[in-house]
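Structural overview
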2 protein chains.
Amino acid sequence: MTGEQTRRRGAALEADILDAVWEELADVGYARLTMEGVAARARTGKQVLYRRWANRAELVKAALPHRTGFIVDQVPDTGELREDLLTLLRLMVERQRELGPDVIRGLLAEVTDLDPKVFGIMHDILLTLLQRAVKRGEIPTADLPRRAVTVPADLLRYEMVLSLDPVADATLVGIVDDVYLPLLAGHG
Amino acid sequence: MTGEQTRRRGAALEADILDAVWEELADVGYARLTMEGVAARARTGKQVLYRRWANRAELVKAALPHRTGFIVDQVPDTGELREDLLTLLRLMVERQRELGPDVIRGLLAEVTDLDPKVFGIMHDILLTLLQRAVKRGEIPTADLPRRAVTVPADLLRYEMVLSLDPVADATLVGIVDDVYLPLLAGHG
DNA sequence: CCCCTTAGAGACGCTGCGTCTCTTATTTCT
DNA sequence: AGAAATAAGAGACGCAGCGTCTCTAAGGGG
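Residues numbered from 1 in each chain as written. Chains lettered and ligands numbered in written order. Predicted model: local features only at pLDDT ≥ 70, side-chain atom pairs only at ≥ 80, totals over all residues. Heavy atoms only, no water.

One finds A:Leu130, A:Leu156, A:Tyr180, B:Leu130, B:Leu156 and B:Tyr180 to be the most contacted residues of the largest nonpolar core, which totals 64 residues. Discounting chain neighbours no more than four positions away, the residues touching B:Leu130 are B:Leu81, B:Ile139, B:Ala142, B:Leu144, B:Val149, B:Tyr180 and B:Leu184. (Core = buried A, V, L, I, M, F, W, Y, C linked by side-chain atoms within 4.5 Å. Buried < 20%, exposed > 50% of the residue type's maximum accessible area, 1.4 Å probe, protein only. Contact = heavy atoms within 4.5 Å.)

What follows is the structure, given as C-alpha cells:
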C-alpha cells in the first residue's frame, strides 16, 4: 500500500501545477479548463490550487509567464523598419498560437483588472523600433502621439480577439503596409 | 386558485423575454445573467427559453437588436469628415453604454461564430463617409485598402474590449486626429 | 527528534445548465 | 361549435464544476 514516496512542496510543486495548466490548455482549451482537471493532471488536490490562486483566471494568469518568454527580451533589430515590425508582430502571433486562441477571449471575460503595464511595454518597444528607423533615415520622425505609436499592436490584438485561429501572416503584412507605414508617412 | 388569466404566446411572449434580458443585463451584467434569472423576470419557465435559443449566448445575441437600432440607419452626414467620424464613433460608444461593457467581453468568450456581416457593414459606412469627403475635396481619394478604411472602427472596438467603462470621448478624438486623419493623409 | 507547516485525498453544499414531464390555456382545423 | 394540435407555465431531475472544509500524514526546520 505504498502509493506515494515523495511529496512535492513549494516552488517545485508550483512549477508542476503551472505545467499542468499549460498541458490542460493545449488539451481542452481555456473554456473547458477546470480546477479539478488541473489538479488531477498535476496529481494534487484542489486545495493546493486554492491555497495559491483565488480562481481559474488567476491560475491561468500565473501560468502564462511560466512558459512564454517576455517579448521585451526579443526586440527585433533587422536593420529595416518594415522587417522589424513584421518580426515583432510574428512574435506576438507565435505566443497566441502557443496558448491557443480561446485563452485570450476567456481571460478577457473573467479578468477585470487588466494590467496597463503590459500595454506600456509594447509602446516602448515600438518607439524603439521607430527611433532606430529615424537614425537610419527611413522615416523623418518618431515623435508621434502615443496612440499612433501603438497602432500595429492594437490592431493585431484586435484581430487576435476576433479570430479563433492564429492570425494569418497576410494580416500582419496588411497592418504594416496598408496602415502603419502610411500612417507614419502621414505624420512626417 | 386562479393565478393566471391570460397566457402569452409567440411574438408577444418573445418580446417580453427579450425585454427581460435587457433588464437583467442592466441589473446584474452579463457575467451573472442566468437562464433562470431571465425566465423568472419574464415570469415564464426555462423551457420556453430553450425552445427558442440553445444557450445564454444565443439568447443575448437575439436580445441585442431588440432594443438597439441599427447603426446603418443613422449614418452621420455633417458636411465635414472629422465630424462625421466622431459622430459615428460616438454612436458606437452609445450602444456600448446601453449594453454595459461586460457584455462584449462575455459574448466574445462564448460566441464562436462571429458574423462577418456585422463588420462588413461598418466598412461600407466608413467608405461612404470617405467618398463624400472626396466629393467635397477634403481628401484626395477614398481608394484605400479595406484594412485601412476600417481602422477607426477596429481601434474603437479594441478599446471597448479592453475597458470595462464606456470609452472616453478623448479616446475617440485621438483615434480620429492622431491616427485616422494622418493615415488618410499618408495614403493621399 | 519533535513540531509545524502543508500536501494529498476526498466529502460537502451550492449554483446553474440543459432535459424532461405534466397539466392546461389558446389556437387552428374541420 | 367542438376536437385536435400546439405551446405555455411549473417544477423536478441529473450533472458538472465551483469553492470550502476536514482529516491524515509527509518532510523540512529548529
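Moving on from the model shown.
This part takes up the relation of the copies chain A and chain B. Expressed as a screw transformation, the operator carrying chain A onto chain B has a rotation angle of 180° and an axial translation of 0.0 Å, and the superposed copies differ by an RMSD of 0.1 Å. The two molecules are tied by a two-fold rotation axis, judged by turn and shift. An overlap of 100% is found between the interface residues of chain A and their copies at the interface of chain B, pointing to a shared contact surface. (Least-squares fit on C-alpha atoms with pLDDT ≥ 70 in both.)

Looking now at the domain arrangement of chain A. Residues and elements named next belong to chain A. Domain annotation for chain A reports domain 1 (10-66) and domain 2 (69-187). Relative placement of domain 1 and domain 2: their C-alpha centres are 29 Å apart. Taken together, the contact pairs 11 residues of domain 1 with 10 residues of domain 2. Of the roughly 900 Å² buried between domain 1 and domain 2 on both sides combined, carbon and sulfur atoms contribute 65%. Together, Trp22, Tyr30 and Lys61 form the three largest contributors to the area buried by domain 1 at its contact with domain 2, with a combined 48%. There are two salt bridges connecting domain 1 and domain 2. With a closest N to O distance of 3.5 Å, Lys61 and Asp113 form a salt bridge. At the boundary of domain 1 with domain 2, the tally comes to five residue pairs in polar contact (both at pLDDT 80 or more). Going through the elements one at a time, helix H1 (10-28) and helix H4 (56-67) are the ones with two or more residues in the side of domain 1 that touches domain 2. Looking at which element gives the most residues to the side of domain 1 that touches domain 2, the answer is H4, with six residues. The residue makeup of the side of domain 1 that touches domain 2, split by class, is eight nonpolar, one polar and two charged. (Domains from an automatic or database assignment. Buried area = accessible area lost by both parts, 1.4 Å probe. Salt bridge = Lys/Arg side-chain N within 4 Å of Asp/Glu carboxyl O. Polar contact = N/O pair within 3.5 Å; in protein donor to acceptor, adjacent residues only side chain to side chain. Helix = DSSP H or I, 4+ residues; strand = E, 2+ residues; numbered from the N terminus. Nonpolar A, V, L, I, M, F, W, Y, C, P; charged D, E, K, R; others polar.)

What follows deals with the pattern of salt bridges. Evaluated as defined, the whole model comprises 36 salt bridges over all chains. B:Glu94 is the salt-bridge partner of B:Arg97, the closest N and O atoms lying 2.8 Å from each other. Within this pair, B:Arg97 and its partner B:Glu94 are both found in helix H5 (residues 81-99), separated by three residues, close to a single helical turn. Salt bridges sharing common partners tie together A:Glu23, A:Glu24, A:Asp27 and A:Arg41.

Taken together, 22 residues lie near DNA strand D, and A:Glu36, A:Lys46, A:Gln47, B:Thr44 and B:Arg51 sit nearest. Sugar plus phosphate: this is where 62% of the atoms of DNA strand D within 4 Å of the protein reside. Measuring from a phosphate oxygen of DNA strand D, one finds a backbone N or O atom of A:Met35 at 3.2 Å. In this structure, a phosphate oxygen belonging to DNA strand D sits 2.6 Å away from a side-chain N or O atom of B:Thr44. Those elements giving two or more residues to the surface near DNA strand D turn out to be helix H2 (35-41) and helix H3 (46-52) of chain A together with helix H1 (10-28) and helix H3 (46-52) of chain B. With four residues, H3(B) is the single largest residue contributor to the surface near DNA strand D. Split by residue class, the surface near DNA strand D holds four nonpolar, eight polar and 10 charged. (Near = heavy atom within 4 Å.)

This next bit is on the packing of helix H7 (residues 116-135) of chain B against helix H9 (residues 151-162) of chain B. Residue and element names in this part refer to chain B. The N-to-C vectors of H7 and H9 enclose an angle of 130°; their axes lie 9 Å apart at closest approach. The angle between H7 and H9 falls in the class oblique. In this structure, H7 uses Val118, Phe119, Met122 and Leu126 to contact H9, whose residues at the interface are Pro152, Ala153 and Arg157. Of the residues that constitute the contact of H7 with H9, the class distribution is six nonpolar, no polar and one charged. (Axes fitted to C-alpha atoms, helices over the stretch in contact; angles between N-to-C directions. Parallel < 35°, antiparallel > 145°, perpendicular 65-115°, else oblique.)

It is worth spelling out the protein's contact with DNA strand C at this point. Contacts to DNA strand C come from 23 residues, most closely from A:Arg7, B:Arg7, B:Glu36, B:Lys46 and B:Gln47. Counted by atom, the contact set of DNA strand C within 4 Å of the protein is 60% sugar and phosphate. Looking at the surface near DNA strand C, the elements with two or more residues in it are H1 and H3 of chain A together with helix H2 (35-41) and H3 of chain B. If you tally residues by element for the surface near DNA strand C, the top one is H3(A), at four residues. Its residues assigned to classes, the surface near DNA strand C comprises four nonpolar, eight polar and 11 charged.

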